Amino acid sequence: MSVIARVDERAAASPEPTPPRQYRPAVVCLFLGIFAIVTTEILPIGLLTPIGDDFGVSDGTAGWLMTVPGFLAAICAPLVTVSTGRLDRRSMLVALIVLLAVANFLAALAPAFWVVLVARALVGVTIGGFWSIGAGLAPRLVRPEAVGTATAVIFAAVPAGSVLGLPAGTQLGEHLGWRASSVVMGALALAVSIALLVLLPPLPATTVTRARVLRGLLRGADVRIGLAATALVVIAHFGAYTYVTPFLEEVTHVDRGRIGLYLLAFGVAGIVGNFVAGATLARRLRATFAGCAALIASATALFPVLGRWDAGVLGLLVVWGLAYGAVPACSQTWFARCAPDAPEAATVVFTSSFQLTFAVGALLGGGVVDATSPSTVMVCASAVALTMVAVLALLGAPGRDRASR
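Procedures and definitions
Residues numbered from 1 in each chain as written. Predicted model: local features only at pLDDT ≥ 70, side-chain atom pairs only at ≥ 80, totals over all residues. Heavy atoms only, no water. Core = buried A, V, L, I, M, F, W, Y, C linked by side-chain atoms within 4.5 Å. Buried < 20%, exposed > 50% of the residue type's maximum accessible area, 1.4 Å probe, protein only. Helix = DSSP H or I, 4+ residues; strand = E, 2+ residues; numbered from the N terminus. Expected span 1.5 Å × (residues − 1). Bend = angle between axes of the 7 residues up to and from the residue. Patch = residues over 30% accessible without salt bridge, like charges linked within 9 Å, V, L, I, M, F, W, Y side chains within 5 Å. Areas by Shrake-Rupley, 256 points an atom, 1.4 Å probe, with all protein chains shown as cover. Salt bridge = Lys/Arg side-chain N within 4 Å of Asp/Glu carboxyl O. pLDDT = per-residue confidence, 0-100. Contact = heavy atoms within 4.5 Å. Lys, Arg positive; Asp, Glu negative; His and termini not counted. Phe/Tyr/Trp six-rings, centres within 6.5 Å; stacked < 30°, edge-to-face > 60°.

K.L.:
Help me get a handle on the nonpolar core, residues and values and all.
P.N.:
By size, the foremost hydrophobic cluster in this structure holds 117 residues, and its most contacted members are Phe130, Leu141, Leu196, Phe289, Phe303, Trp320 and Val327. Ranked by residues supplied to this core, first place goes to helix H2 (residues 24–55) with 16 residues.

Written out as structure tokens, the structure reads:
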């Protein structure tokens, strides 16, 4: 029996009732909502230098645009889920995506850097709430036989944000200014909010995720191993990837107008990596997770050496993208296996841990970049990713709950 079931069987989520009809357009709306959120969240990666130049701040300081929403999302994932557990989920999703639109428009009009940080804090609130509520809605929207496909469609928004959203937003920002990208994302969020209101059926609360369920889940040894593994690999990734644009400009000497194409290559590789990992996760979760970290470690370690040439940096971005594309699925699968009876609680832990370490990675990477160089942050990221490989090699995979022994 899982730890979470032993802690509070009554609080465990009960199976969702079979929906009376299929709501496939609603699934597409959830895809678009997460796509808008993911693109908004990672857009500063491609526009870090223009935003920093506009406000006269360093690359490391501009990295706070990634750190702030990550911290807020980590805090809001459990708070929003627990405090709004009895509210209609459609109303919550619409409200959160409208907040995303407000955040984008506020950023576009910001007269000072601190105002952009406030806007990014609002983005963090949206991330924490929307992910925790919307990620597990597929069983309430489609018949049981279609749940797997619907879930895949919803989560395809994550790599799509990297493949389509980030490069497109970067290119738009380079030609029309970074504020134009924020306006476009705000308009997209408003359109998605209308679509959710029209196409999503009423979704009254069926079960409530209680705080004691989350506390019980965190006491499991397997969950703690998953938290450590997720923290290390995500810190490594975002500690380096947040500052890949300065690296491309300063070391590879890529023209600013071409950076979006390099990020596109990374994103396409990420989609491929996501599907490749999908074929191995069920049978070899630990090996897949550790393999991703090992590839990230290898790619980032070679950046200062091979990243001086266009072909070298492009090849390393593809390897890096292949590896990172599987990381979110590995992490979420790990937590889901630790709490099969409480899927919403597992999603909250995944969201909070991922966003918190996302923020920490961007923060630490910014300190290294300002103190040294973009090349140094790549080497540091490699060391952190290798530490994650060592952790999984020593401690194992979920399914053997050491706390119960």
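K.L.:
Explain H2 to me, and be specific about the residues and the numbers.
P.N.:
In this model H2 runs 44 Å from its N-terminal to its C-terminal C-alpha over 32 residues, within 8% of the 46 Å that 1.5 Å per residue would give. At Leu47, H2 shows its strongest bend, of approximately 80 degrees, with the proline Pro50 following within four residues. Within H2, 25 of the 32 residues are buried, which leaves it mostly tucked inside the rest of the structure.

K.L.:
Can you break down helix H17 (residues 327–338) residue by residue, with the values?
P.N.:
Its 12 residues place the ends of H17 17 Å apart at the C-alpha level, agreeing with the 16 Å of an ideal helix rising 1.5 Å per residue. Along H17, the residues that are buried comprise Val327, Pro328, Ala329, Cys330, Ser331, Trp334, Phe335 and Cys338.

K.L.:
Describe a nonpolar patch on the surface, with residues and values.
P.N.:
A surface patch of nonpolar side chains, about 590 Å² in accessible area, is lined by Leu261, Leu264, Val268, Val272, Val276, Leu314, Val318 and Leu322. At the level of elements, helix H14 (259–278) and helix H16 (310–324) are the ones that each hand at least two residues to the nonpolar patch. It is H14 that contributes the most residues to the nonpolar patch, 5 residues altogether. Note that Val318 resides in helix H16.

K.L.:
I'd like a rundown of the pattern of salt bridges, residues and numbers included.
P.N.:
Working definition: two side chains of opposite charge can pair if their charged atoms are close together. In the structure shown here, the tally under the stated rule is 2 salt bridges. The residue Asp54 makes a salt bridge to Arg179 at a minimum N-O spacing of 3.4 Å. Separated by 125 residues along the polypeptide, Asp54 in helix H2 and Arg179 in helix H10 (residues 178–199) bring together distant segments of the chain. Arg179 gets classed as partly exposed once you look at its relative accessible area, which sits at 26%. As a salt-bridge pair, Arg258 and Asp310 come within 3.4 Å of each other at their nearest N and O atoms. You can see Arg258 sitting in the loop between helix H13 (244–250) and H14 and its partner Asp310 sitting in helix H16, a full 52 residues away along the chain. Look at Arg258 and you get partly exposed, because its relative accessible area is 32%.

K.L.:
Any chance you could break down the confidence of the model for the chain for me, citing the residues and the numbers?
P.N.:
For the chain, per-residue confidence averages 81 on the pLDDT scale, and residues scoring 70 or more make up 86% of the total. Within the model, the stretch residues 1–15 combines pLDDT values under 50 with 32 contacts to residues more than four positions away or in other chains.

K.L.:
Can you explain the environment of Ala229? Please cite residues and give values.
P.N.:
Within the secondary structure layout, Ala229 lies in helix H12 (residues 221–241). Considered as a pair, Ala229 and Ala390 are 161 residues apart in the sequence and their alpha carbons are 9.5 Å apart.

K.L.:
Can you explain the side chain of Glu41? Please cite residues and give values.
P.N.:
If you trace the backbone, Glu41 turns up in helix H2. Although Glu41 is buried, it makes no salt bridge; Arg120 carries the closest opposite charge, 6.4 Å away. Ignoring sequence-local partners within four residues, the contact set of Glu41 consists of Met66, Arg120, Ile127, Gln355 and Phe358.

K.L.:
Can you tell me about unusual backbone geometry, naming the residues and giving the values?
P.N.:
Most peptide bonds take the trans form, and the phi angle of most residues other than glycine is negative. Phi is positive for His253, which is not a glycine, with a value near 60 degrees. Checked against the element boundaries, His253 lands in the loop between H13 and H14. On the accessibility criterion, His253 (57% relative accessible area) is exposed.

K.L.:
Summarise the packing of aromatic side chains; cite the residues concerned and give the values.
P.N.:
The final tally for this structure, using the stated rule, is 10 aromatic pairs. Seen from their ring centres, Phe303 and Trp320 are 5.4 Å apart, and the 85 degrees between their planes marks the pair as edge-to-face. Within this pair, whereas Phe303 is found in helix H15 (residues 285–306), its partner Trp320 is found in helix H16, the two being separated by 17 residues in sequence. Among the residues examined, Trp320 registers a relative accessible area of 0% and is labelled buried. Connected via pairs of aromatic rings, a cluster forms that spans Tyr241, Phe247, Phe266, Phe303 and Trp320.

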